[in-house]
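Survey of secondary and tertiary structure
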Amino acid sequence: MEEKTVEQAAEFLHRAGSVCASTGAGMSAESGIPTFRDEQTGLWTKVKPEEIATPEAFARDPVKLWEWYRWRRSELAKIEPHAGHLTLAEWESRVAELVLVTQNVDGLHHRAGSQKVIELHGRLDVVRCTSCDYQIVGLEDLGADPHCPECEARLRPGVVWFGEMLPPGALNAAIEAAQRCDVMLVIGTSGVVQPAASLAGAAKTYGAAVIEVNPNPTALSGYADVCVRSGCREALPAIDAAWRRLGS
Ligand code: BV8
């Protein structure tokens, strides 16, 4: 990992009053969750999320889609947040404001202790009724084709599918945080999925310094003042150590 970019990132954070961290699947990769576009394992090799994580795919074959979510929920039960998640949680007390906006649906930021988390695409550990307002939180196995105990309609994963609107409150809060921040951290996202990918540009337009933490260049790299070309599990603690060397 290039020491220079780590030091530069620490400098920006040291001077920041407000920080927005935007995370994607690369944040969870080192906890063992496959990303969407990197080398895939298991079911990911055979499917394109944009084609199956949709209301149409659920209407067409709910049992097949539930098989995918049942597998992903079972995987979630086996994994832990890593040092990068813990570092972001700890940074909430290091700056006046740190808002964490995540595209991830795995809940790892909460488990790591982050308090101010905006989840743009929902959560895998939430399941809700397609008809009434029943919902259940947890990762227990609900079977192959779960139905609502209240109204008997089919249950669905509590995530936002492609083609579905994001939770309006979440998206507005994320845009405001991006526009308000002095530093935007873009961590582990390819910048493909909209409107989440627009946050980095919004932050840049409003004068923020943008730091990308990603081993690979992405669609958002052009906005970055600093690119830390490393995995976030190693990069975030390294930036933290450099920041501490600058004094609290
Ligand atoms: C919507 C939940 C209104 C489900 C997900 C323009 C404006 C608005 C919408 C659109 C638009 N253009 C197109 C659209 C439609 C669509 C879209 O963006 N399509 C894409 C494919 C072009 N967007 C939507 O439908 C959104 N809805 O806007 O509503 C609307 C509606 C209809 C029409 C128009 C507008 C809803 C999108 C939400 C989809 N749901 N998840 C589930 O999980 O089952 S998206 C899912 O995929 C994730 O949540 C995440 O958002 C995305 C994956 O992206 P990344 O997180 O970036 O992951 P990726 O694998 O791509 O990249 C990983 C990165 O990590 C890589 O760069 C890699 O190098 C890096 N990495 C790897 N290891 C590490 C690492 N980095 C650091 N450390 C490491 N160790």
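Here is a short report on the structure shown in this document. Just so you know, these numbers come straight off a predicted model, no measurement behind them.

What counts, and where the lines are drawn
Residues numbered from 1 in each chain as written. Predicted model: local features only at pLDDT ≥ 70, side-chain atom pairs only at ≥ 80, totals over all residues. Heavy atoms only, no water. Helix = DSSP H or I, 4+ residues; strand = E, 2+ residues; numbered from the N terminus. Rg over C-alpha atoms; globule rule 2.2 N^0.38 Å. Buried < 20%, exposed > 50% of the residue type's maximum accessible area, 1.4 Å probe, protein only. Contact = heavy atoms within 4.5 Å. Near = heavy atom within 4 Å. Polar contact = N/O pair within 3.5 Å; in protein donor to acceptor, adjacent residues only side chain to side chain. Areas by Shrake-Rupley, 256 points an atom, 1.4 Å probe, with all protein chains shown as cover. Salt bridge = Lys/Arg side-chain N within 4 Å of Asp/Glu carboxyl O. Phe/Tyr/Trp six-rings, centres within 6.5 Å; stacked < 30°, edge-to-face > 60°. Lys NZ or Arg CZ within 6 Å of the ring centre and 35° of its normal. Expected span 1.5 Å × (residues − 1). Arc of directions from axis to C-beta. Pairing = 2+ DSSP bridges.

**Comments concerning the overall build of the chain**
Along the chain, the regular secondary structure elements total 10 helices and nine strands. For 248 residues, the compact-globule estimate of 2.2 N^0.38 gives 18 Å, and the C-alpha radius of gyration of the chain, at 18 Å, lies within 12% of that figure. Reported as C-alpha extents along the three principal axes, the dimensions of the chain are approximately 60 × 35 × 30 Å. Taking all 248 residues of the chain together, the buried fraction comes to 53%. Long-range pairs, those at least 24 residues apart, make up 67% of the contacts in the chain between residues at least 6 apart in sequence.

**Description of the site of the ligand**
Neighbouring the ligand are 37 residues; Arg37, Tyr69, Gln103, Gly163 and Ser190 lie closest to it. With respect to the ligand, the side chain of Glu30 contributes an N or O atom lying 2.8 Å from a nitrogen atom. Within the contact set of the ligand, an oxygen atom lies 2.9 Å away from a side-chain nitrogen or oxygen of His121. The fraction of the free accessible surface of the ligand (1500 Å²) that becomes covered by protein chains is 79%. Put simply, the parts of the chain that give the shell around the ligand at least two residues each are helix 2 (25–29) and helix 5 (62–76). Here the element with the most residues in the shell around the ligand is helix 2; it accounts for three residues.

**Thoughts on the side chain of Thr54**
Relative to the assigned elements, Thr54 resides in the loop between helix 3 (49–52) and helix 4 (55–60). If near-sequence neighbours (up to four positions away) are discounted, Thr54 is found in contact with Leu65, Trp161 and Phe162.

**Regarding the pattern of salt bridges**
Across all of its chains, the model carries 19 salt bridges by this definition. With a closest N to O distance of 3.3 Å, Arg15 and Glu11 form a salt bridge. Of this pair, Arg15 and Glu11 are both found in helix 1 (residues 3–15), four residues apart, which corresponds to roughly one turn of the helix. Of the charged contacts in the structure, one is a salt bridge between Asp240 and Arg244, with a shortest N-O distance of 2.9 Å. Here the residue Asp240 and the residue Arg244 both occupy positions in helix 10 (residues 232–245), the gap between them amounting to four residues, near one helical turn. Each of Glu90, Arg94, Asp240 and Arg244 takes part in salt bridges that share partners, so that together they form one network.

**Topic: the packing of aromatic side chains**
What the rule picks out here adds up to four aromatic pairs. Measuring from ring centre to ring centre gives 5.0 Å for Trp68 and Tyr69, while their planes differ by 65 degrees; the resulting arrangement is edge-to-face. For the pair shown, Trp68 and Tyr69 are each scored as buried. The interplanar angle of 55 degrees and the centroid separation of 6.4 Å between the aromatic rings of Tyr69 and Trp161 together place this pair among those described as tilted. Of this pair, Tyr69 sits in helix 5 while Trp161 sits in the loop between strand 6 (155–159) and helix 8 (168–180), and the two are 92 residues apart along the sequence. An identical accessibility class is assigned to Tyr69 and Trp161; each is buried. Here a set of aromatic residues connected by ring pairs shows up, and it is made of Phe58, Trp68, Tyr69 and Trp161. Positioned above the aromatic ring of Trp68, the side-chain terminus of Arg72 is 4.6 Å from the ring centre. Positioned above the aromatic ring of Trp243, the side-chain terminus of Arg94 is 4.3 Å from the ring centre.

**So, helix 1**
The α-helix winds at 3.6 residues per turn, so residues separated by three or four positions along the chain end up facing the same way. With 13 residues, helix 1 extends 19 Å from end C-alpha to end C-alpha; this agrees with the ideal 18 Å at 1.5 Å per step. Listed in full, the buried residues belonging to helix 1 are Thr5, Val6, Ala9, Ala10 and Leu13. One side of helix 1 carries all its buried residues, which in axial view fall inside an arc of 140 degrees. Turned more than 90 degrees off the buried face of helix 1, the exposed positions are Lys4 and Arg15.

**Quick look at the pairing of strand 2 (residues 97–102)**
In terms of residue burial, strand 2 counts as a mostly covered element, since six of its six residues are buried. Neither face of strand 2 is open: one carries Glu97, Val99 and Val101, the other Leu98, Leu100 and Thr102, and all of them are buried. Two strands pair when backbone bridges link them, and strand 2 and strand 3 (residues 117–119) are joined in this way by three bridges, in the parallel orientation. Within strand 3, the position partnered with Thr102 by the bridge is Glu119.

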